[in-house]
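# Commentary on secondary and tertiary structure
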Amino acid sequence: MQLGLDFSLVEELVAGVDEVGRGPLCGPVVTAAVILDPARPILGLNDSKKLSEARRDALFDEIREKALAWCIARAEVEEIDQLNILHATMLAMQRAVEGLSVTPKLALIDGNRCPKLKVPSAPVVKGDSQVPAIAAASILAKVSRDREMAELDATYPGYGIAGHKGYPTAVHLEALRRLGPTPIHRRSFGPVRELIEGSR
């Protein structure tokens with residue numbers, strides 16, 4: 001067992017919930033909810049940001065195979081622009097929990113606030129490095145979103161989306177200035193909004 005994650009927290013019917021993609025300038029925000037099976041431990045679980053891509057990919061398959069229940073959900077760019085990123089993230093988390101095939105007794109949410117849920121919930125700051133179910137959710141959300149961004153890179157070439165996954169890197173900002181925003185860019189985010197307003 002690695003340090004950090006407390007495996008006594010793999011309790012029956014506790015869902016871990018996490019999100020990926022709050023900071024990028026384009027693409028959806030993706031969330032996942034996972035209820036781990038105490039009888040089928042998954043070795044090597046950790047915060048998705050601390051794992052290599054190959055390790056995340058392997059764990060992605062193992063989590064979906066061994067978990068009691070899992071659901072990957074999202075909020076689209078239009079919802080992010082309409083609601084703001086915080087509310088869109090909460091909506092996507094709500095969708096992930098409601099999409100579970102097993103109703104959890106408790107949902108542990110990574111971060112400092114919880115979405116409105118029909119089940120009891122509690123926020124856990126830095127939960128993805130403490131609670132195994134949240135770590136598992138972070139892996140499902142990250143792998144799912146990264147794969148989608150690689151596909152969007154082929155649809156919208158020239159922005160380097162497969163590399164930066166939509167985050168506001170120098171490469172992305174330069175491409176945005178040169179090529180303009182695509183339909184998957186979040187118009188409510190400063191750099192994109194300023195470009196649109198500047199071109200009017």
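So, here is what we can say about the structure in this document. (Residues numbered from 1 in each chain as written. Predicted model: local features only at pLDDT ≥ 70, side-chain atom pairs only at ≥ 80, totals over all residues. Heavy atoms only, no water.)

Taken as a whole and assessed by the stated rule, the structure comprises zero aromatic pairs. The residue whose ring lies beneath R147 is F60, and the NZ or CZ to ring-centre distance is 4.6 Å. (Phe/Tyr/Trp six-rings, centres within 6.5 Å; stacked < 30°, edge-to-face > 60°. Lys NZ or Arg CZ within 6 Å of the ring centre and 35° of its normal.)

Taken as a whole, the largest pocket encloses approximately 210 Å³ of empty space. If you trace the largest pocket, you find 15 residues lining it, with E19, V20, G21, K49 and Y167 closest to the centre. The set of elements that each furnish at least two residues to the lining of the largest pocket consists of β1 (14-20) and α4 (132-155). Per element, the largest residue contribution to the lining of the largest pocket is three residues, and it comes from β1. Looking at the lining of the largest pocket residue by residue, the class counts come to two nonpolar, four polar and nine charged. (1 Å grid on protein atoms, 1.4 Å probe; cavity = no way out; pocket = protein on both sides within 12 Å on 5 of 7 lines; lining within 4 Å. Points joined across faces, edges and corners; volume = space filled by probe spheres on them. Helix = DSSP H or I, 4+ residues; strand = E, 2+ residues; numbered from the N terminus. Nonpolar A, V, L, I, M, F, W, Y, C, P; charged D, E, K, R; others polar.)

Topologically, L195 is positioned in helix α7 (residues 190-198). For L195 and R177, which are 18 residues apart along the polypeptide, the C-alpha to C-alpha distance reads 7.1 Å. Setting aside its immediate chain neighbours within four residues, L195 contacts L176 and R177. (Contact = heavy atoms within 4.5 Å.)

All right, on to the pairing of strand β4 (residues 106-110) then. Consecutive side chains of a regular strand alternate in pointing toward one face of the sheet and then the other. Burial runs high along β4: four of the five residues are buried. Direction of pairing for β1 relative to β4: parallel, over a ladder of four bridges. Residue pairing in the sheet places G16 in a bridge with L108 of β4. Note: β4 against strand β5 (residues 121-124), four bridges, orientation parallel. Considered in β5, the bridge of A107 is made with S121. (Buried < 20%, exposed > 50% of the residue type's maximum accessible area, 1.4 Å probe, protein only. Pairing = 2+ DSSP bridges.)

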